[in-house]
Amino acid sequence: MSQTTIYSAKKIITMNPNQPEVTHVAVRDGRILGAGSLSDLEPWGAYTLDDRFADKVLMPGFIEGHAHTMEGTLWRNVYVGWFDRMDPDGNIWQGVKSIDAIVARLIEAEAKLADPNTPLSAWSLDPIYMDNRRVTRHDLDRVSTDRPIGALHASGHILNVNSKGLELAGLLRTGINHPGIPLGADGLPTGELFGPDAMTPVGPHVGFERSLTDCDERGLRDYGKLCVRAGVTTCTDLAAQLTDDSVAMMLRVTGEESFPACIVPLKAFLGTTAKDIVDYMLALKPKSTERLRLGRIKAIADGSIQGFSARMRWPGYHNGAPNGLWYTAPDQMSDLYHRALEAGVQVHTHTNGDQATQMALDMLEPALRAHPSPDHRFTLQHCQLADAAQFRKMAKLGMCVNLFANHHFYWGDEHYRLTVGPERATRMNACRTALASGVPMSIHSDAPVTPLGPLFTAWAAVNRITASGRVQGEGEKIAVADALHAITLGAAYTLHMDAEVGSIEVGKRADFAVLDTDPTACDQSDLKDISVWGTVQGGRIFAATDL
Amino acid sequence: MMQNRPSVPVTTIGGYLGSGKTTLVNHLLRNANGRKLAVLVNEFGDLPIDEDLIESQDETLISIAGGCICCSFGNDLIGALRDMLGGSTVPDQILIETSGVAIPSAIVATVALLTGLHSDASLVVVDAETVRTAARDDYIGDTITRQLSDADIVVVNKGDLVSDTAKQELADWLSDVAPGSVILPTEFGRVAPDAIFGCVAEPSHGLTAHHSDALFESITLHPDPIEDVPNYVHRLITENRGIVRAKGYVYDMMDQCWLIQVVGQRSNVTRSDQAKQNGLVCIGLRGRCDFSGLRP
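Everything numeric here is computed off the predicted structure, so don't read it as measured data.

Caption draft 1: Focus on the sheet that holds strand β13 (residues 192-194) of chain A. All names here are of chain A. With mixed pairing, 5 strands are arranged side by side in an open sheet as β7-β10-β11-β12-β13. Each having just a single partner strand, β7 (78-79) and β13 make up the two edges of the open sheet. Relative to strand β10 (residues 120-125), β7 runs parallel, the two sharing 2 bridges. The residue of β10 that forms the bridge with Tyr-79 is Trp-123. Contacts from helix α3 (residues 99-111) reach β7 and β10 within the one sheet, and its direction differs from that of β10 by about 150 degrees.

Caption draft 2: How the structure looks around the pairing of strand β12 (residues 158-161) of chain A. Residue and element names in this part refer to chain A. Side chains of β12 alternate between two faces, with Ile-158 and Asn-160 and Leu-159 and Val-161 buried alike. Strand direction decides the pairing type here: strand β11 (residues 149-153) and β12, joined by 3 bridges, are antiparallel. From the neighbouring strand, Ala-151 faces β12, where its bridge partner is Asn-160. The antiparallel hairpin formed by β11 and β12 contains 4 residues in its connecting segment, where Gly-156 sits at a positive phi of about 80 degrees. Pairing geometry for β12 and β13, over 3 bridges, is antiparallel. Bridged to Leu-159 within β13 is Leu-193.

Caption draft 3: Looking closely at the interface of chain A and chain B. Listed per partner, the contact involves 34 residues of chain A and 27 residues of chain B. Buried surface at the junction of chain A and chain B, summed over both partners, amounts to about 2,300 Å²; 55% is from carbon and sulfur atoms. Linking chain A with chain B are 1 salt bridge. Here A:Arg311 and B:Asp142 are joined by a salt bridge, their closest N and O atoms 2.8 Å apart. Between the two partners, chain A and chain B, sit 12 residue pairs in polar contact (both at pLDDT 80 or more). Listed by contribution, the elements that provide at least two residues to the side of chain A that touches chain B are α6 (195-199), α10 (330-343) and α11 (354-370) of chain A. Broken down by element, the residue count for the side of chain A that touches chain B peaks at 5 residues, all from α11(A). Grouping the amino acids of the side of chain A that touches chain B by side-chain chemistry returns 15 nonpolar, 12 polar and 7 charged.

Caption draft 4: Focus on the pattern of salt bridges. Residue and element names in this part refer to chain A. Taken as a whole and assessed by the stated rule, the structure comprises 46 salt bridges over all chains. The salt bridge partner of Glu-217 is Arg-252, with a shortest N-O separation of 2.7 Å. Remark: Arg-252 occurs in helix α8 (residues 244-254) and Glu-217 occurs in helix α7 (residues 217-230); sequence separation between them is 35 residues. In this structure Glu-217 comes out as partly exposed when scored by relative accessible area, which is 26%. Between Arg-417 and Glu-414 there is a salt bridge; the shortest N-O distance is 2.8 Å. Of the two residues, Arg-417 and Glu-414 both sit in helix α13 (residues 405-419), 3 residues apart, roughly one turn of that helix. Taken together, the salt bridges that share partners define one network made up of Asp-89, Arg-218, Asp-222 and Lys-225.

Caption draft 5: Region of interest: the domain arrangement of chain A. Residue and element names in this part refer to chain A. Each assigned domain of chain A is listed here: domain 1 (78-206) and domain 2 (217-537). At the boundary of domain 1 with domain 2, total buried surface from both sides reaches about 1,200 Å², with 58% on carbon and sulfur atoms. When the buried surface of domain 1 facing domain 2 is broken down by residue, Phe-83, Arg-85 and Pro-88 rank first, second and third, together holding 39% of it. If you look at where domain 1 meets domain 2, you find 1 salt bridge. When the shortest N-O distance is used, the salt bridge between Lys-225 and Asp-89 registers 3.2 Å. Inspection of the region where domain 1 meets domain 2 yields 6 residue pairs in polar contact (both at pLDDT 80 or more). When the residues that make up the side of domain 1 that touches domain 2 are grouped by side-chain class, the tally is 7 nonpolar, 4 polar and 4 charged.

Caption draft 6: Quick look at the state of the cysteines. Enumeration according to the criterion identifies 0 disulfides over all chains in this entry. A:Cys215 takes part in no disulfide bond, and the closest cysteine sulfur to it belongs to A:Cys235, at a distance of 10 Å. B:Cys71 supplies the cysteine sulfur nearest to B:Cys70, a cysteine that is in no disulfide, at a spacing of 6.6 Å.

Caption draft 7: Inspection of the environment of A:Glu290 at higher detail. All names here are of chain A. Tracing the backbone through its elements, the reader meets Glu-290 in the loop between α9 (274-284) and β16 (296-300). Judged by its relative accessible area of 47%, Glu-290 is partly exposed. Sequence separation between Glu-290 and Leu-41 is 249 residues, and the spatial gap between their C-alpha atoms is 26 Å. Non-local contacts of Glu-290, meaning those with residues more than four positions away in its chain, are made with Cys-262 and Arg-509.

Caption draft 8: The arrangement of the side chain of B:Ser99 in detail. Residue position: B:Ser99 is located in the loop between β6 (93-97) and α3 (104-111). Those residues in contact with B:Ser99 that lie beyond four places of it in its chain are B:Gly15 and B:Asn42.

Caption draft 9: Looking closely at the sheet that holds strand β5 (residues 68-72) of chain B. All names here are of chain B. Taken together, the 9 strands give an open sheet; going across it, the order is β3-β4-β5-β2-β6-β1-β7-β8-β9, and neighbouring strands pair in mixed fashion. Because the sheet does not close on itself, it has two edges, and the strands there are β3 (54-57) and β9 (182-185). Put simply, the sheet's adjacent strands are angled 20 degrees from each other on average, direction ignored. Where strand β2 (residues 37-41) meets β5, 4 bridges bridge the pair, whose relative direction is parallel. In the sheet register, Ala-38 faces β5, and the bridge partner there is Ile-69. Running at roughly 170 degrees to strand β7 (residues 117-127), α3 makes contact with β1 (8-14), β6 and β7 of the sheet.

Caption draft 10: The nonpolar core, seen in detail. Grouped together as the largest cluster of nonpolar side chains are 155 residues, with contacts concentrated most on A:Met394, A:Val401 and B:Leu148. When residues in this core are grouped by element, the largest group, 8 residues, is from α11(A). If near-sequence neighbours (up to four positions away) are discounted, A:Met394 is found in contact with A:Thr357, A:Leu361, A:Leu380, A:Cys383, A:Ala386, A:Met399, A:Val401 and A:Val439. Counting 35 residues, the second-largest nonpolar core is a separate cluster that includes B:Leu29, B:Ile64, B:Ala121 and B:Leu285.

Caption draft 11: A look at the pairing of strand β23 (residues 540-543) of chain A. All names here are of chain A. Pairing of strand β22 (residues 532-537) with β23, which is carried by 4 bridges, proceeds in the antiparallel orientation. In the strand pairing of β23, Thr-535 is matched with Phe-542. Between β22 and β23, which pair antiparallel and follow one another directly, the connecting turn spans 2 residues, one of which, Gly-538, has a positive phi of 55 degrees.

Caption draft 12: Region of the structure containing the domain arrangement of chain B. Residues and elements named next belong to chain B. For chain B, the domain assignment lists domain 1 (8-196) and domain 2 (204-285). Just the C-alpha atoms count here: the centres of domain 1 and domain 2 sit 23 Å apart. Facing 21 residues of domain 1, the contacting portion of domain 2 comprises 17 residues. Remark: the boundary between domain 1 and domain 2 carries 3 salt bridges. Between Asp-120 and Arg-245 there is a salt bridge, with the nearest N and O atoms lying 3.2 Å from each other. Counting across the interface, domain 1 meets domain 2 through 6 residue pairs in polar contact (both at pLDDT 80 or more). For the side of domain 1 that touches domain 2, the secondary structure elements donating two or more residues are β7, β9 and α7 (193-196).

Caption draft 13: Layout of α10(A). Residue and element names in this part refer to chain A. With 14 residues, α10 should reach 20 Å at 1.5 Å per residue; the first-to-last C-alpha distance of 20 Å fits that figure. Among all positions in α10, only Pro-330, Gln-332, Met-333, Ser-334, Leu-336, Tyr-337, Ala-340 and Leu-341 are buried. Elements in contact with the buried residues of α10: α9, β16, β17 (347-351) and α11. In the stretch just after α10, Gly-344 is the one whose phi turns positive, near 75 degrees.

Conventions we followed
Residues numbered from 1 in each chain as written. Chains lettered and ligands numbered in written order. Predicted model: local features only at pLDDT ≥ 70, side-chain atom pairs only at ≥ 80, totals over all residues. Heavy atoms only, no water. Pairing = 2+ DSSP bridges. Helix = DSSP H or I, 4+ residues; strand = E, 2+ residues; numbered from the N terminus. Contact = heavy atoms within 4.5 Å. Axes fitted to C-alpha atoms, helices over the stretch in contact; angles between N-to-C directions. Buried < 20%, exposed > 50% of the residue type's maximum accessible area, 1.4 Å probe, protein only. Buried area = accessible area lost by both parts, 1.4 Å probe. Salt bridge = Lys/Arg side-chain N within 4 Å of Asp/Glu carboxyl O. Polar contact = N/O pair within 3.5 Å; in protein donor to acceptor, adjacent residues only side chain to side chain. Nonpolar A, V, L, I, M, F, W, Y, C, P; charged D, E, K, R; others polar. Domains from an automatic or database assignment. Disulfide = S-S within 2.5 Å. Core = buried A, V, L, I, M, F, W, Y, C linked by side-chain atoms within 4.5 Å. Expected span 1.5 Å × (residues − 1).

Structure (structure tokens):
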């Protein structure tokens, strides 16, 4: 006979409006047998009372609707970001605030490498915060001129390399004419490589392999640790290549008894036909397990705003940059939507610029008429620049949105000054308009672009403070309760998983975020500082200190 | 391992969906005439290669009669190019059929980063009937004009579907949006491969240019040793002769062999490491080129 454990807690925030706060939750077979007072739960029969969470606050396990498990792999490189950040083992890496500090950190790491040919790789570089000072190969040459060195930027779209890295790639020469490879006064590349076209020929020489978007086996295990530390029990991987090998690896790792999260990978619609990817998803879906959910597609409409590759409607970029790039042609998007709706396969679409969002809406509407699909929950990811009319249209079409609340903090000042200007920067990631328009909404980190941490993401949506400390978009702030909904049930809804996770109520999976303090009782400016004790996932207990 | 191999010319074939890129590629494969062509496509669509040309096929590689191949590179073009150069059989010419929204000039710039390859020509296919309407589309208009702005060769396909007046208007429009490009009108993608490819035919392939349709004419020159080869080529392309393509080897007074590759107004003149047979093929549109004074 199955065992029942009843956990007591200082407070359990259920996200169930019928009983928003309770003191006890009963767990049997990895599922929630009931939530309520101890006397509500006792009639279920014999139980063990577990008081380990008596001074903790439980919430439904957080759900990250847009992240990339590759962060697990990236942590094997040297962290050179501006902000403090916690690695999978719980060490806080201090943010580095100057080029000299970056060089010093790399010299320290370089000294630990025995083999002189091993590349030294770093990640999360972001010179935007250093007055936009350009980093060059000469900076990295101060670390070593013999060892290839590469530093990937926080955006993932720029790579800095030293002279040796360029040399190994055959690019330490004059006469290069490439928009992504700036040249110095000496006619040689400066060592900055912009965009995948320029990065890919050099990446492998400095330790960044071709399939950078996918995590490897150890990376996935490390990613699981990051989930526990952030209170996350369900996490998307948006987007993965999902080759036969990577699916087999993910099935194996997530199937391990110690793996602490449910991973939801979406396959990228790039380099394949709509028919093939829809057929492949139909074939993959039955392989899903309790901790690996397969069968969804991520389409990519355009690029990024700060990279000026997002597709903008009139009047375009604030600094006059030419319009961005389509990653998927409108006709291909239409083909995908028609086929996916017909087959019942869900599509999440990356749109950054407002023209990309409009394109997705324009392609979906006729596809929906052709294949009426109640409850399709097609979701726009990022959707950073959508205006009110677009949110109203999303609501009418039955779409969901997952807004990039963290982005506003990290790059909001940049958008205000440079990319889109004050008016549109103020409406970016318009959480309040989304909710007011009736669009089911989640908010996300896009880890590794920004750190995985739903409470931080909630803080960003509630306070809308930029890195320089300005409030940007007072009118788009949302209430704490709405933000907590967005990182639990809201995200679950975008994945059609709201019936099984996202709230603490009978029948759902026993997934809890275990917090040291109460996010509904603290000052809303302290939301991001709430410490996470760990998680419970499928009834299994994961203390961050024991990882 | 590949130091002594000659650099492989790469032609990018761009153009929006439905313009006829695949038809053109099939025509070129059908008329490869002994050249080993490698075609790289994003993905195998419904019918990337005409069935009668296929010898065998797996998920990412189609083998074609005559030693040509077609590979799907998914999202990793550079990886596929690297694999191809590292393989045992290196092709004579690589064709990259880009996605409908790719900007070919970006791919040309990237190809130039890889050793062992050089960009031969950026070719853009347009649909004579629809391209001007598509170029006004809110979503894709600027992508189409951006594709055309840097093209070396514009293949105007489906010419059978438009009137002569419309053809003239289209030509005027193209001279604005694709300045500096050679414009090749055609139907069903039937363009002479010699006009497309920069790879120089070996003597064994026959130096008498053979064309698969009547739109083109050509001449093969065997000039005496030339005093100033770059200047000779410059004159050839600036004399308004309507030369679409010129390619081959010539010798200077010092008995140095030179490789010449001309696309429209753009030329590439380099010293050749190897001594090749003297011969320069010039190709133009029938009735619109002037080879007078060049004939031996």
